[in-house]
Amino acid sequence: MQMSWAPIRALRAAVFAAVSGSASLLLHLWSGGHAPGPLQSAAAFALVFAAAYAAGGRQRGFLVLAPLCLAAQWGLHELFQAGAVEALHVHGSGVSMWLVHIAAALAQASWLARGEAATAALLDLLTLYAARLVRVASAESPVAVRPRWLTPRTRAPRPAPVAAAAISRRGPPRFAF
């Protein structure tokens, strides 16, 4: 299974839209902004979903997700601010607002990158498991599947008595730490 398969790609885009949209909406509300209407919220989530689906052709890492999350934060902030009911709607302006949006975007990029890696690993394991099931089921004669036994770890060899006297355990005093 590939990460670009349409259902997996749509699921990844939905997760990206949910994380970006929720973070931006919560930041907007916590900074004193008014709650956007349901139509505006749905439009924001749909726009982010469409952009994430278009960019989701393959697995992305943190360095690719960070600018995408920053763009999503900025776009959603502008969308929520433009849809404010009051003309005098001013909230969280200045450097502090942008620092919060940047911190949120970097945090969600890190979370999404880890989720991408976990999803890819899970899909790889499921693919290998399905391939093994097909191989076993298609065999003409019954195949005995032997469990793999792990070899027990051996202990590290102890130094010989002669070498033990030469080992120095001298270091900084305990109170130094």
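To be clear, the structure that these remarks concern was listed above.
Everything numeric in this text was worked out from a predicted model, so none of it was measured.

With that out of the way, let us pick up the overall build of the protein chain. A tally of helices and strands in the protein chain yields 5 helices and 0 strands. Looking at the protein chain as a whole, 24% of its 177 residues qualify as buried. The long-range share in the protein chain, meaning contacts at least 24 apart out of those at least 6 apart in sequence, stands at 87%.

The next point concerns the packing of helix α1 (residues 6-30) against helix α2 (residues 38-55). Axes are the key here: two packed helices are described by the angle between their axes and the distance separating the axes. In the contact formed by α1 and α2, the axes pass within 8 Å of each other and the chain directions differ by 135°. For the element pair α1 / α2, the angle class is oblique. For the element pair α1 and α2, the recorded crossing hand is right-handed. Between α1 and α2, the contacting residues are Ala6, Arg9, Ala10, Ala13, Ala14, Phe16, Ala17, Ala18, Ser20, Gly21 and Ser22 on the first element and Phe45, Val48, Phe49, Ala52, Tyr53 and Ala54 on the second.

Of all hydrophobic cores here, the largest spans 17 residues; its most connected members are Phe16, Val48, Leu65, Cys69, Leu76, Ala109 and Leu112. Residue assignment for this core shows that the elements contributing at least two residues are α1, α2, α3 (62-82) and α4 (95-138). Top element by residues in this core is α3. It accounts for 6 residues. Leu65 has contacts with Phe16, Arg60, Ala109, Leu112, Ala113 and Glu116, leaving out every residue within four places of it along the chain.

A few words on the packing of aromatic side chains. Under the defined criterion, the tally for this structure stands at 1 aromatic pair. Considering the side-chain rings of Phe49 and Tyr53, the 6.2 Å spacing of their centres and the 25° angle between planes classify their relative orientation as stacked. Linking Phe49 with Tyr53, this pair stays in helix α2, spanning 4 residues, or about one helical turn. Judged by relative accessible area, which is 31%, Phe49 ranks as partly exposed. Judged by its relative accessible area of 30%, Tyr53 falls in the partly exposed class. Against the face of Tyr53 rests Arg9, its NZ or CZ located 4.7 Å from the ring centre.

Residues separated by three or four positions in an α-helix point in the same direction, a consequence of the helix having 3.6 residues per turn. Taking 1.5 Å as the rise per residue, α4 with 44 residues should run 64 Å; its terminal C-alpha atoms sit 63 Å apart, in good agreement. Considered for burial, the residues of α4 that qualify are Met97, His101, Ala104, Ala105, Gln108, Ala109, Leu112, Ala113, Glu116, Ala120 and Leu123. Elements that come into contact with the buried residues of α4 comprise α1 and α3.

Within this model, the largest pocket holds a volume of roughly 310 Å³. The wall of the largest pocket is formed by 17 residues, among which Arg12, Val15, Phe16, Leu112 and Glu116 lie closest to the centre. Listed by contribution, the elements that provide at least two residues to the lining of the largest pocket are α1, α2, α3 and α4.

Criteria and cut-off values
- Residues numbered from 1 in each chain as written.
- Predicted model: local features only at pLDDT ≥ 70, side-chain atom pairs only at ≥ 80, totals over all residues.
- Heavy atoms only, no water.
- Helix = DSSP H or I, 4+ residues; strand = E, 2+ residues; numbered from the N terminus.
- Buried < 20%, exposed > 50% of the residue type's maximum accessible area, 1.4 Å probe, protein only.
- Contact = heavy atoms within 4.5 Å.
- Axes fitted to C-alpha atoms, helices over the stretch in contact; angles between N-to-C directions.
- Parallel < 35°, antiparallel > 145°, perpendicular 65-115°, else oblique.
- Left-handed = near helix turned anticlockwise from the far one by under 90°.
- Core = buried A, V, L, I, M, F, W, Y, C linked by side-chain atoms within 4.5 Å.
- Phe/Tyr/Trp six-rings, centres within 6.5 Å; stacked < 30°, edge-to-face > 60°.
- Lys NZ or Arg CZ within 6 Å of the ring centre and 35° of its normal.
- Expected span 1.5 Å × (residues − 1).
- 1 Å grid on protein atoms, 1.4 Å probe; cavity = no way out; pocket = protein on both sides within 12 Å on 5 of 7 lines; lining within 4 Å.
- Points joined across faces, edges and corners; volume = space filled by probe spheres on them.

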